[in-house]
Each structure stands twice: as structure tokens, then as C-alpha cells.
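The primary structure of each chain is shown beneath.
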Amino acid sequence: MDRIRIRGGRPLSGDIPIGGAKNAALPLMAAGLLTEDRLELSNVPALADIETMAALLSQHGIAVEADGRVLRLGGRITDTEAPYDIVRKMRASVLVLGPVLARVGEARVSLPGGCAIGTRPVDLHLKGLEQMGAEIRLDAGYINASVRGRLRGATIVFPFVSVGATENLLMAACLADGRTVLANAAREPEIADLALCLRAMGAQIEGIGTDRLTIEGVDRLHGARHAIVPDRIETGTYACAAAITGGSVRLLGARLEHLGAVARTLREAGVEITEEPAGLLVRRLNGLHGVDAMTEPYPGFPTDMQAQFMVLMSVAEGAAMITETIFENRFMHVPELNRMGARINVHGASAIVRGVPALSGAPVMATDLRASVSLVLAGLAARGETVVNRVYHLDRGYEAVERKLAACGADVERDPG
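Since this is a predicted model, take the numbers as computed values, not measurements.

S.K.: Run through empty space enclosed by the protein, naming residues and quoting values.
M.R.: Under the criterion given, the structure shown has three cavities of 30 Å³ or more. Roughly 50 Å³ of volume is contained in the largest cavity. Along its surface, the largest cavity is lined by Gly19, Gly20, Pro45, Leu47, Asp231, Glu234, Gly397, Tyr398, Glu399 and Lys404. Looking at the lining of the largest cavity residue by residue, the classes come out as three nonpolar, three polar and four charged.

S.K.: Describe in detail the pattern of salt bridges, supporting the description with residues and values.
M.R.: Tallying each qualifying case throughout the model produces 31 salt bridges. With a closest N to O distance of 2.5 Å, Glu399 and Arg69 form a salt bridge. Highlighted residues: Glu399 in the loop between α13 (392–395) and α14 (401–406) and Arg69 in the loop between β4 (63–67) and β5 (70–74), separated in sequence by 330 residues. Its relative accessible area of 15% is what places Glu399 among the buried residues. On the accessibility criterion, Arg69 (41% relative accessible area) is partly exposed.

S.K.: Quick rundown of the environment of Val388? Include the residues and the values.
M.R.: Topologically, Val388 is positioned in strand β23 (residues 385–389). Taking relative accessible area as the criterion, Val388 reaches 0% and is therefore assigned buried. Between the alpha carbons of Val388 and Ala192 there is a distance of 35 Å; along the sequence they are 196 residues apart. Ignoring sequence-local partners within four residues, the contact set of Val388 consists of Arg3, Ile4, Ile6, Val364, Ala366, Ser372, Leu375 and Val376.

S.K.: Summarise the pairing of strand β20 (residues 343–347); cite the residues concerned and give the values.
M.R.: Where β20 lies against strand β21 (residues 350–354), five bridges are found, and the strand directions are antiparallel. Paired with Val346 across the bridge in β21 is Ala351. Counting the residues that bridge the hairpin from β20 to β21 gives two residues, and of these Gly348 lies at a positive phi of roughly 65°.

S.K.: Let's hear about the sheet that holds strand β6 (residues 81–82): which residues, and what values?
M.R.: Reading across the sheet, the four strands line up as β6-β7-β9-β8 and stay open at both edges, with mixed pairing between neighbours. The strands lining the two open edges of the sheet, one partner per strand, are β6 and β8 (135–139). Here helix α4 (residues 97–104) sits on the sheet in contact with β7 (106–110) and β9 (142–146), set at roughly 160° to β7.

S.K.: Describe the confidence of the model for the protein chain, with residues and values.
M.R.: For the protein chain, the average pLDDT comes to 94, and 97% of its residues sit at 70 or higher. With pLDDT under 50 throughout, residues 114–120 is counted as low confidence; its partners more than four residues away or in other chains account for 23 contacts.

Calculation rules
Residues numbered from 1 in each chain as written. Predicted model: local features only at pLDDT ≥ 70, side-chain atom pairs only at ≥ 80, totals over all residues. Heavy atoms only, no water. 1 Å grid on protein atoms, 1.4 Å probe; cavity = no way out; pocket = protein on both sides within 12 Å on 5 of 7 lines; lining within 4 Å. Points joined across faces, edges and corners; volume = space filled by probe spheres on them. Nonpolar A, V, L, I, M, F, W, Y, C, P; charged D, E, K, R; others polar. Salt bridge = Lys/Arg side-chain N within 4 Å of Asp/Glu carboxyl O. Helix = DSSP H or I, 4+ residues; strand = E, 2+ residues; numbered from the N terminus. Buried < 20%, exposed > 50% of the residue type's maximum accessible area, 1.4 Å probe, protein only. Contact = heavy atoms within 4.5 Å. Pairing = 2+ DSSP bridges. Axes fitted to C-alpha atoms, helices over the stretch in contact; angles between N-to-C directions. pLDDT = per-residue confidence, 0-100.

Structure (C-alpha cells):
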């Protein structure tokens with residue numbers, strides 16, 4: 001099993017290209033189920049999760065053609081089942097439920113898997129589809145959904161913000177009869193990216209970028225070409241890498257407007273972020289100091305940046321309190337960071353981080369995607385050698401992380417183990 005070795009203490013300097021957003025690419029690929037015509041997606045990242053979604057689309061009968069950073073999708077749905085063996089690898093697989101049901105009137109989807117960071121139920125997906133006329137039955141670990149005729153438009157008010165439910169119901173509503181309103185919808189840039197692609201495919205969607213989406217159903221969607229937005233989480237991760245090493249890194253293609261609270265929080269901690277024509281220049285000119293952060297739906301501080309920011313705070317002056325409000329099991333990286341000399345105490349949903357002068361290299365174990373990359377960041381800042389084990393999590397969401405860091409002067413390599 002692969003692991004990554006890091007010998008820390010080197011400031012990063014150079015350019016890092018930011019790839020297409022994984023969290024945009026996966027629902028966009030699912031949108032290919034909504035039409036028989038060709039959907040062409042560019043700026044597609046080369047990630048394990050993309051391969052998993054491609055395998056799932058093929059299972060449904062959709063042809064998937066890869067050409068470098070371009071994916072071409074198209075075809076008839078010949079199988080309505082999303083089997084456990086594929087879905088267990090990645091939670092985003094549940095996003096095929098809405099499109100398949102809307103397109104052919106039935107779907108059988110395994111309950112999803114992914115990172116072990118909390119329960120993350122799909123109740124809102126199912127309740128929304130029921131409001132649109134679907135009959136839902138859970139049996140032997142599968143969601144069995146069907147509808148007589150077509151789904152019907154409905155007004156759906158989410159009791160709390162859910163990215164996945166917003167995406168699933170948005171796609172389903174495009175082929176429903178009548179008007180659907182999604183209130184208290186998620187506002188992430190990835191959802192706006194999906195909505196813009198759907199609009200290019202012929203969907204009628206208003207309110208893009210707001211918490212209230214209005215969709216007028218159409219009889220059919222057609223093909224389109226769409227470029228995936230840059231990955232704001234990859235951007236934030238490498239910004240933390242530049243800051244934690246005291247380096248200066250240019251993040252090519254990154255967009256400041258998508259960072260939301262991450263940019264504001266990093267600047268408060270002493271990180272300089274400057275917009276340039278090619279992207280963002282990130283550097284740390286002086287010391288870091290502790291800043292509190294609380295994870296919230298966009299445009300708040302994202303849960304997917306919590307672990308990386310915690311590493312940054314572990315070597316900052318003073319103390320910081322980091323509160324996790326999205327997932328209940330997302331502090332699993334804390335024991336590993338403490339093994340490296342960090343001073344972090346968890347109290348319920350909050351972690352108190354007291355900065356230390358330096359971390360020490362150690363063998364550590366990755367537990368989920370973002371925890372994996374947080375341990376890589378810790379290794380960049382640590383004295384001595386750090387070995388991050390179980391990095392298959394990392395490959396689900398970060399493309400060529402060791403090569404990108406090594407190109408900026410980091411002493412890092414992948415070891416097949």
C-alpha cells in the first residue's frame with residue numbers, strides 16, 4: 001500500500017497548477033445521465049473518484065470517453081442499478097439517483113459509502129424526491145425509487161443546507177413536469193457550476209448562486225460543452241502549504257472569489273494572498289498567529305478545509321479554537337497531529353489548538369481524504385521525516401500532490417511500501 005515520505009523544513013517556492021474541482025466534476029458527470037446526447041466536460045481532474053464515477057456511469061450504459069483533461073459522456077440508460085461494489089467507494093455515487101429516476105422513471109441505488117467522517121444521511125434526497133411524486137422503498141441496503149409517468153414540480157424547503165440533496169434534486173427537477181423551487185438550497189460554487197452546465201443543456205433555472213433555485217421542467221435536455229471550475233479546496237490546501245513552510249507559491253488558475261471565508265481567515269492569521277492575472281500569489285512574510293474558525297455552509301469556512309487549517313494553527317503563535325458544525329467525526333486527524341508534537345485538545349465539537357515552535361516527523365496514519373492531506377502539510381513543516389500511510393484516501397481528491405509539492409522544492413516522494 002502506497003505511502004508518502006516527507007522530510008520537512010523547506011519553504012515552498014514556485015508555481016502549482018490548480019485542477020478542476022472534484023466536487024464539481026462528480027455531479028457534472030452525473031448530469032450526463034439526463035440526456036442521450038454528448039456532454040463534453042473539460043478541465044477534469046485525474047482522481048480516483050473520477051474513475052469511480054466513470055465506472056458507475058458505464059454500469060448505467062453511458063459511454064465514457066477520456067481524452068486528457070476532457071471527458072465525453074453520452075448514451076441511453078440500459079441499467080438502472082447503482083451497485084454496492086461501486087457506490088461503497090464514494091458517497092457522491094448517490095447523485096445518480098435523481099437523474100436516473102427523472103430520465104427513466106425508476107432507479108435502484110445502493111446506500112452510499114466514502115470517508116468515515118460521520119453519518120451523512122440521504123434523508124433529504126429521498127424526502128425531496130417523494131415530494132416530487134416518487135415512491136421510495138429501502139430494502140437490503142438499497143434505495144428503490146420509482147415514479148408513474150414523470151416527476152412533478154414541488155416547493156422543497158430544506159431544513160438545513162445540504163450540498164448533495166441540492167444537486168440531486170436540481171438535476172431531477174430539470175426533467176420534471178412544472179415548476180420546482182428549492183429553498184434554503186446550498187450555494188457552493190460547485191452547485192452554480194452544475195446549474196450553469198444544466199442551463200447550457202437546455203434546463204430553465206433561475207436564482208443560480210442564491211439559496212433559492214427555481215426550475216421549470218423541460219421535456220428533454222441536449223448535449224453541451226462545459227469547463228469545470230478550479231478546485232477551491234485544492235487552492236486552500238496549497239495556500240496553507242505555502243504559509244506553513246514560510247514560502248511563496250503562485251496558484252495557477254485559482255479564483256479568489258471562490259475561497260470565501262478561507263481567504264479572510266488565512267489573511268487574519270498572517271498569510272498574504274494577492275490576485276494576479278494567472279491566479280493567486282500566496283506567501284507568509286512574518287509569523288503566524290492563532291485565529292478561530294467555525295465550519296459552516298458556503299460562503300462560510302468549509303469543513304473540507306478544517307483539517308488543513310488546524311495544521312497551520314498548530315505552528316502559529318497563541319491559541320485557536322476550531323469548531324466543526326458539519327460532520328461529527330471530523331477530528332480523527334488530531335491524535336496523529338499530536339503524535340507529531342502538536343498541542344490539540346478536543347472538547348465535543350471544538351478543538352483547542354495551542355501553537356508550538358515546531359512539529360516533529362513521525363509515522364502517521366491517514367483516516368480520510370482531508371485528514372490525509374493535513375498530515376502531508378504537517379510533514380512539510382516538521383523537523384525530520386514523516387511517513388503518511390494509507391494515502392489511497394489522498395488519491396481520491398488530490399492529483400499528483402507529491403509531484404506538485406516537489407516542483408516547489410519540497411523533499412517528498414511516494415513509496416510503494
